[in-house]
Every structure is written in structure tokens, then in C-alpha cells.
Amino acid sequence: AVLDSEARYRAMADASLDMIARMGIDGTIRFVSPSAESIMGYAPEELIGTRTLDYTHPDDIDGVKGFFRDLLAEGPNAQP
């Protein structure tokens, strides 16, 4: 069942025109869909292992950090 669920998720992410990404708690990109290339200009394999803040404008970094800090403080039921 887990393998089937994973395969369905991957198929959905691969077909999506929206960029789908999964990040670790430290902001490191663990997965990103192929649409990242058309949206950001980077192939997924170029993004894996980098941090979301690496692609954030310097003027926005404090706000992004604060947003995620608040989101983490709300816990697993937080609504982004």
C-alpha cells in the first residue's frame, strides 16, 4: 500500500504544472517536481539538497523565516 501511494504521489507530482516541493525542517529541499524547471529555471536535481532561502530575495528572508517559525510553532495542524 505504501509503494502504491508513493507511486500515485509521484505520478501526480510529475504531471502537475504547479511546482510541488517537500522540504525538511531546516528548509533543505528533499523533493521537487519536474515543473520546477519551467517555473524556476532549475532542473529538480539541481534544487535537491539546497535550501529554500537560497532562492529568496535578501529583502524577504526575515519575513520568510518568521512565517515558517510561526508555522512550526502552531504544530502539525497549522494552516499555511
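Cut-offs and rules
Residues numbered from 1 in each chain as written. Predicted model: local features only at pLDDT ≥ 70, side-chain atom pairs only at ≥ 80, totals over all residues. Heavy atoms only, no water. Phe/Tyr/Trp six-rings, centres within 6.5 Å; stacked < 30°, edge-to-face > 60°. Helix = DSSP H or I, 4+ residues; strand = E, 2+ residues; numbered from the N terminus. Buried < 20%, exposed > 50% of the residue type's maximum accessible area, 1.4 Å probe, protein only.

Moving on to the packing of aromatic side chains. According to the stated counting rule, one finds two aromatic pairs in the structure shown. Relative to Y55, the ring of Y42 has its centre 5.3 Å away and its plane inclined at 65°; by these criteria the two rings are edge-to-face. Residue Y42 is found in the loop between α2 (36–40) and α3 (44–47), and its partner Y55 is found in the loop between α3 and α4 (61–74); the two are separated by 13 residues along the sequence. Ring centres 5.1 Å apart and planes at 75° place the aromatic pair F67 and F68 in the edge-to-face group. Note on F67: relative accessible area 41%, which makes it partly exposed.

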